[in-house]
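Take a look at the letters that make up each chain.
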Amino acid sequence: MRVPTATYRIQFNSGFRFEDAANIVSYLAELGISDLYASPIFQARIGSSHGYDVVNPNQLNSELGTPEDFETLMGKIQSHQMGWLQDIVPNHMAYDSQNQWLMDVMENGPDSNYVTYFDIAWNSPFGNSQEPILAPMLGNFYGDSLEKGEIQVKYDESGLSVNYYSLKLPLKLESYATFLTQHLGRVARTLGRKHPDFIKILGILYVVKNLSSEVVSHQRQDQSDFVKGLLWELYTSNPEIQTFIDDNIKLFNGEPGNPDSFNLLDRLLSEQFYRLSYWKVGAEDINYRRFFTVNELISVKVEELKVFQTTHDMICRFVQEGKFTGLRIDHIDGLYNPTEYLHRLREKVGDTYITVEKILQPGENLPDSWPTQGTSGYDYLNYLNGVFCKTENCEPFDTLYQEFTGSELPFDEVVAQKKHLILDKNLAGDIDNLATLAKKISEKYRYGNDFTLNGLKRALAEVLTRFPVYRTYADESGISAADRTFVEEVIRDAKETVPLLLNELNFLEKLLLLDYDASLTSTEKAQWLYFVMRVQQYTGPLMAKGVEDTAFYVYNRLISLNEVGGNPEHFGISAQEFHEFNRVRQERWFSAMSATSTHDTKRGEDTRARMNVLSELPEEWRQQVQSWSKMNRRYKVKFRGQLLPDRNDEYAIYQTLVGAFPFHSEEFPEFVDRVKDYVIKAIRESKVYTAWLRPNPDYEKACTDFVDAILSSPEENPFLQSLQPFQQKIAFYGIFNSLSQVLLKAASPGVPDFYQGTELWDFSLVDPDNRRPVNFERRQACLHSLKERVQQDISGLVNELLAHKEDARLKLFLTMQLLKARTQYLQVFQEGAYILLEMTGEFQDHLIAFARKTNETTALVIAPRFLTSLVQPGELPLGSQVWQDTGIKLPGDFPVSWQDAIVHQSVAAQDGVLPVGEVLQKFPVALLINN
């Protein structure tokens, strides 16, 4: 198996195509990257900015370039002996007119060749619903959209279609009869009933009126091709028939202002295999499974073997051809049976590197049965980030947050409230479907016969909102001990909260634990299991939407901790917890990815590194926030007795400014716009005063006006004059947090992943801010210059970089040196034992230190933290005058002499102790090698 040395994530889109990637391959190789890590490159919806809205997984995205462009890029990748880690999307496709498989289902319904491909009510093994597939794509209520003439029938070579702006849905073949019978008599009079073309029209009507439900799909397709082909031939060859069809289109499309003129179109739409509706309807009345709550992404039934094989055809072929050397599985928890899927994939791709996008809560383990190399790195990100938060300052931050915002609600209560909100407002239709399924099961047993649909729904809501993890993994083999514990704890907590639902909760516990009665038939057991596996598919979206996309924007105590996969209730983590995580990772998941920034992170890695400095200065931070709040009160708007924005959002804004403020003044105007865009997203995600489903323009304007006011006229603005000295102080210390973060990522167990552009300072906010174009020309030029200077005068270069930290070359230099060492001593970083080192001296708590060791090589890692109490702003944390008696006690079998791989400095232990002041004499972090 090819395990990457280091990966580099690229976000492909129409602004960064295959040819653009080809231009940076040599740069990435020179930097020390072994594998390009690509966002989805399959045919996506036109205009996609991310590639996750796939319409054809077996074609390359034409907006990224031609197949020849891809081959050119692949040639460059392979010429540098680089690999290609591909992000794949097995869980969903775009609900879009460009998705031909879905359009076939829309046109042919249950007779479609692709009906089993999509997770819709028709495909429920224990249901018989044939209700139309909801198409919640209208921007207004159906009736309003219809009578405004926004929904239109159109005709072209592909046949008759219903159109709403860019949405184009085919008409079912049977509806051609409804359409063609209008004004048919006029055509008969014009052409004559014996005219060959009129007879052909009658032939078409005979075919569509006599379609049999027993016709197999390929015969229906033949009939469809015949009808459409013949009608198009008549339309293009006979002016009378062309006029007839055009007039019918006009008739069906009605006249705005005349409601009755739309009756024909309304009737036509009622015949279809789909139902057009207002997009908000999808939250409460859904009959297909979505990706989270996104109407425009319909889930795929990849658990069906045929669907798996078809959707993975190009993926597996590219693996076999050596193009894809690794796969990253997007949203593994959305699959019906993740374990089965991974085993199928492993069987198809053999000994290929595979990681999964899996969010692990603290203390949760990846299932041992999964044939994967581990996660894509969110778990590592949160442990690494948390170790730079000073845990002992939790109480003063609690006090400040409560006093400033007036909120005393603990994070777990915020989560419970927001999960209920998501169930009520965004996933109401989904939980209705689950409750209906539970009701059907309960009716078969005397102990469940009296349960009402409402009671089961309320009980389900309590269970779903209390799950502490994204999902469990019960399947036909049963339920694991760990998952059984989760279920039992959830049910116990729910019983304490809603004791009136005791019987319903007992029933749900029996179901979720697969505690089958002896009297159950195999069919009934299968129905139980189906229910359980369906429930498991919804705990993940609820966690993601309720926690990551809602609670994380409400609980603002220290927002650097509000990261994907994190738990901001824990005010950082201890060094011991970080080391234990690394130790376990080395034993079991040593090839998992180690991320610090991704396309989904809420803030860039250097933004978080700055914000974490605040945890060291609670009293100074309190004084600043209180002063700023008084200063900026005049910019708030009074609305119904309340000043807007509220104190919680104001508090988050101050943290954001401290974390993301640019180093260079020329970036300031763009920064103001970025902050306003971020604030709009944050307050809509929080769903307190405004939301995506129900925007509140008054509150949103109050927030953006507030940002504009406090950031206007930099030269004269008292707030900015107060903010900037403090922010610059935080930014200074944040630099050293960032450097330590890079070192730890590169040396910890796992594969270090670098998100595009983060080899320089990255003060991004949440997407789409973190997907802005990257200036690779600057990075290439800097790297070439650094390489030359290292050869000429590395000491002089390091001094220069430390003197000009703001220009970001310092981070690029460190990244370059670390990846060079990682490549040179790859075995020790991939396979070496993880050894916790004992430290001595006054400032030992200000260091994270460990060793990686094989028989041939030992690497020793020293990363400082919490520097605000060691050096003043502007002073470098270097030398014995700073670190004094702090030392690292080496195990007895460790060598005495070492070489720093970063600055090429030689250091030696004294009586078995490495003096940190000597090790960190020239550079703020150290990677010592002895071999």
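No experiment lies behind these values; they were computed from the predicted model shown.

Undergrad: Sorry, what's going on with the environment of V766 here?
TA: Note on placement: V766 falls in the loop between β19 (751-755) and α30 (776-803). Discounting residues that sit within four places of it in the chain, V766 has contacts with Y553, T601, K602, Y678 and K681.

Undergrad: Can you walk me through helix α25 (residues 618-632) in this structure?
TA: In an α-helix, one turn spans 3.6 residues, which is why side chains three or four residues apart end up on the same side. Counted at 1.5 Å a residue, the expected span for α25 with its 15 residues is 21 Å, and the 21 Å between its end C-alpha atoms agrees. Those residues of α25 that sit buried are P618, W621, Q624, V625, W628, S629 and N632. Seen end-on, α25 carries its buried residues on one side only, within an arc spanning 130 degrees. Of the surrounding elements, those touching the buried residues of α25 are α16 (394-405), α26 (647-660), α28 (697-710) and α29 (718-747).

Undergrad: Can you walk me through the sheet that holds strand β8 (residues 151-156) in this structure?
TA: In a beta sheet, neighbouring strands are held together by backbone hydrogen bonds and run either parallel or antiparallel to one another. Judged by pairing direction, the sheet is antiparallel, and its 3 strands sit side by side in the order β8-β9-β10 without closing on themselves. Of all the strands in the sheet, just β8 and β10 (167-170) have a single pairing partner and so form its edges. Shown here is a sheet whose adjacent strand axes are inclined to one another by a mean of 35 degrees, direction ignored. As defined by bridge partners, β8 adjoins strand β9 (residues 159-164) across 6 bridges and the pair is classed as antiparallel. In the strand pairing of β9, Q152 is matched with N163.

Undergrad: What should I look at first to understand the side chain of T539 in this one?
TA: With respect to the helices and strands, T539 occurs in helix α22 (residues 522-548). Among residues more than four places away in sequence, those in contact with T539 are L464, F467, Y470 and R471.

Undergrad: Would you mind showing me how to read the sheet that holds strand β1 (residues 7-10) here?
TA: Taken together, the 7 strands give an open sheet; going across it, the order is β15-β14-β5-β2-β1-β19-β16, and neighbouring strands pair in parallel fashion. Only two strands of the sheet have a single partner each, and these edge strands are β15 (353-356) and β16 (593-594). Relative to β15, strand β14 (residues 326-329) runs parallel, the two being bridged by 4 bridges. Considered in β15, the bridge of R328 is made with T355.

Undergrad: What should I look at first to understand the packing of α16 against α26 in this one?
TA: Helices that pack against each other are described as a pair by the angle of their axes relative to one another and the distance between those axes. It is the contact of α16 with α26, at a shortest axis distance of 8 Å, that shows an interaxial angle of 130 degrees. Of the possible angle classes, the one that applies to α16 and α26 is oblique. The residues of α26 that touch α16, namely those facing F397, L400, Y401, F404 and T405, are R647, N648, E650, Y651 and Y654. The class makeup of the residues in the contact of α16 with α26 is 6 nonpolar, 2 polar and 2 charged.

Undergrad: I'm lost on the pattern of salt bridges in this one. Help?
TA: Pairing between side chains of opposite charge can happen when their charged atoms approach one another. Inspection of every chain in the model, using the stated rule, returns 59 salt bridges. Notably, a salt bridge pairs E605 with K811, separated by 2.7 Å at the nearest N-O pair. Taken together, the positions of E605 in helix α24 (residues 605-613) and K811 in helix α31 (residues 809-824) put the pair 206 residues apart, joining distant regions of the chain. Residue classification places E605 among the buried residues on the basis of a relative accessible area of 2%. The exposure class assigned to K811 is buried, which follows from its relative accessible area of 1%. Among the salt bridges present, the one from K676 reaches D673, with a minimum N-O distance of 3.9 Å. Here the residue K676 and the residue D673 both occupy positions in helix α27 (residues 668-686), the gap between them amounting to 3 residues, near one helical turn. Salt bridges here are not isolated pairs; linked through shared partners, they connect R9, D87, R328, D330 and E357.

Quick notes on the rules
- Residues numbered from 1 in each chain as written.
- Predicted model: local features only at pLDDT ≥ 70, side-chain atom pairs only at ≥ 80, totals over all residues.
- Heavy atoms only, no water.
- Helix = DSSP H or I, 4+ residues; strand = E, 2+ residues; numbered from the N terminus.
- Contact = heavy atoms within 4.5 Å.
- Expected span 1.5 Å × (residues − 1).
- Buried < 20%, exposed > 50% of the residue type's maximum accessible area, 1.4 Å probe, protein only.
- Arc of directions from axis to C-beta.
- Pairing = 2+ DSSP bridges.
- Axes fitted to C-alpha atoms, helices over the stretch in contact; angles between N-to-C directions.
- Parallel < 35°, antiparallel > 145°, perpendicular 65-115°, else oblique.
- Nonpolar A, V, L, I, M, F, W, Y, C, P; charged D, E, K, R; others polar.
- Salt bridge = Lys/Arg side-chain N within 4 Å of Asp/Glu carboxyl O.

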